[in-house]
Amino acid sequence: MPAAIRRRRTTDEGEDTEEEARPRHRQHIEASDAEQDEATSDEDVEMTGASSKVDEQMAKKLVRYAISCEYSRTPIRRDGIKERVLGKQGRSFRRVFALAQTHLRTVWGMELRELPVREKMTLHEKRQAMKSNGQSRSGSGAYILSSTLPEAHRSASILRPSKVPSAEQEAIYSAFYTMVVSMIWLNGGELSEQKLQRCLLRLNADRMLASERTEVVMKRLERQGYVIKKVDRPPVGYEGDQTITWHVGPRAKEEIGLDGVMGLVREVHDHPDDEDFDKKLRLSLGIKNKTLIEEEWEGNNDVHKTNGVKHAR
């Protein structure tokens, strides 16, 4: 057989062998890729399960932290949550917070509610707020626990005062700060020191409240966010006395609210069934219901009509 023919056959056989080997190599590559995909998916499932367990543990830790803060009436701040609960997992705040809210609502009958932003009282605070207006947050970043129980389960026989330090002292303290906040709110949201002292004198609480000094109790109310004490001093170089006014704090706005103030006033007046009483109470609190708004609008509309001006409804 000529050498050229043998070379040609050898070349053809080599090409056939390579063509047969290529599909096998492709099958091997595809099989290895499938195994890698399965291994990757298994790792993803394991990582997802591990992260969910970590989030669950941190959510339970957040619930314990929130209850401990609420026990001492300390605001639950976002920075404190990141420091004491999340640690290095700061980016998982939203997931952990949502899980903690679910636990609180389903198990404890409570939820975390964000406190309103503290109002700027002094001129210095207002200037600082104007400078940092572009960098300010939309919320306060502080939370408190609030009950989610239905109204039927919020009676005094169910929600009793805490037994620490004692049920009597806790009831006295709750009644006192509710009364002080109500007086401030009924006075247009601002109450002078002199008027506050006159009110406390009538209640025989100007010096002592149970076994504590009233001054100490007022400082505690200020520290816990129920009231805000504003002190206006005369400018430098001018003589005069400083003026002290009291305002409603952010915690009182969320915990007591206008509904709590109206409930206290109705309880004191033995729940009068009188529309005039409700109107006066709403006006004292700066609330205008729909009927009053319509009456004012109709009165203004009549005045405009007498002046020859017509306004469409």
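Before reading further, recall that the structure is shown in the block above.
Attention here is on the structure that accompanies the text. Owing to the predicted nature of the structure, the values given are computational and were not obtained by experimental measurement.

1. As for the packing of aromatic side chains
So, point 1. Considering all chains together, one arrives at four aromatic pairs under this definition.
So, point 2. Between Phe93 and Phe97, the ring centres sit 5.5 Å apart and the planes meet at 25 degrees, which makes this aromatic pair stacked. Of this pair, Phe93 and Phe97 both sit in helix H3 (residues 93-108), four residues apart, roughly one helical turn. Across this residue pair, the class does not change: Phe93 and Phe97 are buried.
So, point 3. With a centroid separation of 4.1 Å and 20 degrees between ring planes, the pair formed by Tyr177 and Tyr226 is classed as stacked. Remark: Tyr226 occurs in the loop between helix H7 (214-224) and strand S7 (227-232) and Tyr177 occurs in helix H5 (residues 167-186); sequence separation between them is 49 residues.
So, point 4. Among the residues examined, Tyr177 registers a relative accessible area of 5% and is labelled buried.

2. Points about the sheet that holds strand S1 (residues 76-77)
Note on sheets: strands pair through backbone hydrogen bonds, and any given pair is parallel or antiparallel.
So, point 1. Strand order in the open sheet made by the three strands is S1-S3-S2, with antiparallel pairing throughout. Both edges of this open sheet fall to S1 and strand S2 (110-114), since each of them pairs with a single strand only.
So, point 2. Where S2 meets strand S3 (residues 142-147), five bridges bridge the pair, whose relative direction is antiparallel. When the sheet's bridge partners are listed, Glu111 is paired in S3 with Ser146.
So, point 3. Strands S2 and S3 of the sheet are contacted by H3, whose axis makes an angle of about 135 degrees with S2.

3. Quick notes on the side chain of Asp55
So, point 1. Within the element layout of this structure, Asp55 appears in helix H1 (residues 3-71).
So, point 2. You can call Asp55 buried: its relative accessible area is 7%.
So, point 3. Beyond its immediate chain neighbours, meaning those up to four positions away, Asp55 contacts Ser92, Arg95, Val96 and Leu99.

Conventions and cut-offs
Residues numbered from 1 in each chain as written. Predicted model: local features only at pLDDT ≥ 70, side-chain atom pairs only at ≥ 80, totals over all residues. Heavy atoms only, no water. Phe/Tyr/Trp six-rings, centres within 6.5 Å; stacked < 30°, edge-to-face > 60°. Helix = DSSP H or I, 4+ residues; strand = E, 2+ residues; numbered from the N terminus. Buried < 20%, exposed > 50% of the residue type's maximum accessible area, 1.4 Å probe, protein only. Pairing = 2+ DSSP bridges. Contact = heavy atoms within 4.5 Å. Axes fitted to C-alpha atoms, helices over the stretch in contact; angles between N-to-C directions.

These figures come from the coordinates and say nothing about function on their own.
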